[in-house]
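Remarks on the overall topology
Take a look at the letters that make up each chain.
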Amino acid sequence: MKTITVFGSSRPAPGSDGYETARRLGAALADAGFIVASGGYGGAMEGVSRGAREAGGKTIGVTAAVFRSPANAWVGEEIRVATWQERLLKLVELGAGYVALPGGTGTLVELAVAWEWINKGFLEPRPVVV
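What counts, and at which threshold
Residues numbered from 1 in each chain as written. Predicted model: local features only at pLDDT ≥ 70, side-chain atom pairs only at ≥ 80, totals over all residues. Heavy atoms only, no water. Helix = DSSP H or I, 4+ residues; strand = E, 2+ residues; numbered from the N terminus. Buried < 20%, exposed > 50% of the residue type's maximum accessible area, 1.4 Å probe, protein only. Pairing = 2+ DSSP bridges. Right-handed = clockwise from strand over helix to strand, strands pointing away.

1. Some thoughts on unusual backbone geometry
A positive phi angle, close to 60 degrees, is found at Arg 68, a residue other than glycine. Mapped onto the secondary structure, Arg 68 falls in the loop between strand 3 (59–64) and strand 4 (77–81). The class of Arg 68 is exposed, set by a relative accessible area of 76%.

2. Focus: the pairing of strand 1 (residues 3–7)
Along a regular strand, successive side chains alternate from one face of the sheet to the other. Taken across its five residues, strand 1 has five buried, putting it largely inside the fold. Residues Thr 3, Thr 5 and Phe 7 line one face of strand 1 and the alternating positions Ile 4 and Val 6 line the opposite face, and both faces are buried. Two elements, strand 1 and strand 2 (residues 35–38), share three bridges in a ladder whose sense is parallel. Residue pairing across strands places Ile 4 opposite Val 36, the latter belonging to strand 2. A crossover connection joins strand 1 to the parallel strand 2 through helix 1 (residues 17–31); in handedness this β-α-β unit is right-handed. Of the strand pairs in this sheet, strand 1 and strand 5 (residues 97–100) are connected by four bridges, and their pairing is parallel. Pairing of Phe 7 across the sheet is with Ala 100, part of strand 5.

Here it is, written out as structure tokens:
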């Protein structure tokens, strides 16, 4: 099974448009047979994990000790790293493709690193959806 890494804001609350969009995306990815990876915390990360798990899919959350927060309840497998930089690189490494949902500067950095690695040939071409 291939993994799709989803980047997005930690701000959307359950029931909000952003959260529900992420939840529907997670369900659609799981239904299509993908493992869903995210940063593992709240907001869109929780929504996409929840949607995937509710659809019977597998979820991975990459968390960082520096943030001192637990993974959301919908993460099936947590990969805990020390720093946010390691977290970012692990999320990029895991993805056979990437989806960027609305977010802030953190989401922008994640998208930019994935795209740059593909552009520079560090990763073979793969889908990037914004």
